[in-house]
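The lines below spell out each chain.
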Amino acid sequence: MCRNKRPVLWITTAVVVVAAAVGLYLFQPWRLFTTERVDEAAPVAPARPGAAAEPSATGAFISHEHETSGSVQVLDLDGGKATLRLTDLRTSDGPALHVWLSDQPVEQDGGGNLDDGKHIDLGDLKGNEGNQNYAIPAGTDLNKFSTVTIWCERFSVSFGAAELKQSA
């Protein structure tokens with residue numbers, strides 16, 4: 001009787017081990033307890049060396065799938081270049097987090113809509129806390145791409161998003 005149950009035990013053990021490995025790879029649960037802090041200096045104003053660039057658009061994060069806070073600014077630089085600056089960002093660490101500009105509106109009760117239209121990927125999130133700068137591609141229409149989101153590509157969810165409002 002003991003011999004007949006051995007193959008079932010081995011198969012069950014193998015399935016559990018494979019499922020656990022896949023689950024750990026996908027969800028990376030240890031990231032709930034990790035923090036990556038980044039503190040980059042703000043870009044300087046082109047016309048006033050040493051002075052911080054003035055924002056042409058600003059916004060504040062609201063939480064979606066994870067508690068997210070902080071602010072965003074678009075800083076205009078020399079030669080038509082622009083930088084997106086995240087200030088006092090706080091969110092959860094997670095797998096495959098990116099900073100996106102989206103053409104979809106920010107919704108209070110979710111954020112699943114932010115990949116419905118077009119988006120511009122500004123790159124991997126450098127850290128889940130702190131102050132960070134991301135280059136905005138030349139020619140980007142910020143009247144069209146007026147939403148910033150911390151997007152988890154692995155699970156297609158927004159951790160948090162901010163609507164950019166043009167400065168007066």
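If you're wondering where the values come from, they're calculated on a predicted model, not measured in any experiment. Per chain, residue numbering runs from 1 following the sequence as it is written. A pLDDT threshold of at least 70 governs which residues receive local features in this predicted model, and a stricter bar of 80 or more applies before side-chain atom pairs are shown or counted, although totals over entire chains, interfaces and linings include all residues. Calculated side-chain values reflect all of the structure's heavy atoms, with hydrogen atoms and water omitted.

Novice: Quick question: what am I supposed to make of the overall build of the chain here?
Specialist: By the criteria applied, helices consist of DSSP H or I runs no shorter than four residues and strands consist of E runs no shorter than two, each listed in order from the N terminus. Secondary structure summary: the chain contains one helix and 11 strands in total. Secondary structure elements of the chain occur, N-terminal to C-terminal, as α-β-β-β-β-β-β-β-β-β-β-β. For the radius of gyration, the atom set is restricted to C-alpha positions; the globular benchmark scales as 2.2 Å times the number of residues to the power 0.38. Here the C-alpha radius of gyration of the chain, 21 Å, is well above what a compact globule of 168 residues would show, namely 15 Å. Structurally, the chain occupies a C-alpha span of about 85 × 30 × 25 Å along its principal axes. Classification of residues uses two cut-offs on accessible area relative to the type maximum, computed with a 1.4 Å probe and protein chains only: under 20% is buried, over 50% is exposed, and between them is partly exposed. Looking at the 168 residues of the chain, the share that counts as buried comes to 38%. Summarising the internal contacts of the chain: among those between residues at least 6 apart in sequence, 63% fall at separations of at least 24. Per-residue and other accessible areas were derived by the Shrake-Rupley procedure at a 1.4 Å probe size, with only the shown protein chains allowed to occlude residues. Only carbon and sulfur atoms are counted for the fraction: they give 56% of the accessible area of the chain, which is about 9,600 Å². Contacts: residue pairs with any heavy atoms within 4.5 Å of one another.

Novice: Where do I start with a negative patch on the surface in this structure?
Specialist: Any residue with relative accessible area above 30% and no salt bridge may belong to a patch, with like charges joined within 9 Å and the nonpolar Val, Leu, Ile, Met, Phe, Trp and Tyr side chains within 5 Å. Counted as salt bridges are all cases of a side-chain nitrogen of Lys or Arg within 4 Å of a carboxyl oxygen of Asp or Glu. In this tally Asp and Glu are treated as negative and Lys and Arg as positive; neither His nor the chain ends contributes. In plain terms, the charge of a residue is placed at NZ if it is Lys, CZ if Arg, CG if Asp and CD if Glu. There is a patch of like negative charges on the surface, built from Glu 107, Asp 109, Asp 115 and Asp 116. Topologically, Asp 115 is positioned in the loop between β6 (97–102) and β7 (119–124). On the basis of relative accessible area, Asp 115 is assigned to the partly exposed category, the value being 30%.

Novice: Hey, could you run me through a nonpolar patch on the surface in this one?
Specialist: Nonpolar side chains collect at one region of the surface, where Val 18, Val 22, Tyr 25, Leu 26, Phe 27 and Phe 155 lie side by side and expose about 570 Å² of accessible area between them. If you trace the backbone, Val 18 turns up in helix α1 (residues 2–27). With a relative accessible area of 51%, Val 18 lands in the exposed category.

Novice: Which parts of the structure should I look at to understand the pattern of salt bridges?
Specialist: When the charged atoms of two side chains with opposite charge come close together, those side chains can pair. In total, this model carries four salt bridges according to the counting rule given. When the shortest N-O distance is used, the salt bridge between Arg 37 and Asp 39 registers 3.1 Å. Here Arg 37 falls in the partly exposed class, since its relative accessible area comes to 48%. Residue Arg 37 pairs with Glu 129 through a salt bridge whose shortest N-O separation is 3.7 Å.

Novice: Can you help me understand the sheet that holds strand β1 (residues 37–39) in this one?
Specialist: Across a sheet, strands are paired by hydrogen bonds formed along the backbone, either parallel or antiparallel in direction. Here, any two strands with at least 2 DSSP bridges between them count as paired. Reading across from one edge, β1-β8-β5-β4-β2-β11 is the order of the six strands in this open sheet, with mixed pairing throughout. At either margin of the open sheet sits one strand with a lone partner, and together these are β1 and β11 (165–166). Relative to strand β8 (residues 129–136), β1 runs parallel, the two being bridged by three bridges. Bridge pairing in β8 links Asp 39 to Asn 131.

Novice: Looking at this structure, I do not really get the sheet that holds strand β3 (residues 62–63). What am I missing?
Specialist: Spatial ordering of the open sheet is given by β3-β10-β9-β6-β7, a layout of five strands whose pairing is antiparallel. Strands at the two margins of the open sheet, each flanked by one partner only, are β3 and β7. Where β3 meets strand β10 (residues 157–163), two bridges bridge the pair, whose relative direction is antiparallel. Among the inter-strand pairings, Ile 62 is bridged to a residue of β10, identified as Ala 161.

Novice: For this particular structure, what's the right way to read the nonpolar core?
Specialist: In summary, soluble globular proteins display a tendency toward joint burial of nonpolar side chains. To form a nonpolar core, buried Ala, Val, Leu, Ile, Met, Phe, Trp, Tyr and Cys residues must be joined to one another through side-chain atoms within 4.5 Å. One finds Leu 84, Leu 86, Val 99, Leu 101 and Val 148 to be the most contacted residues of the largest nonpolar core, which totals 24 residues. Looking at this core, the elements with two or more residues in it are β4 (69–76), β5 (82–90), β6, β7, β8, β9 (147–152) and β10. Apart from the residues within four sequence positions on either side, Val 148 is in contact with Phe 61, Val 72, Leu 84, Leu 86, Val 99, Trp 100, Leu 101, Gly 160, Ala 161, Ala 162 and Leu 164.

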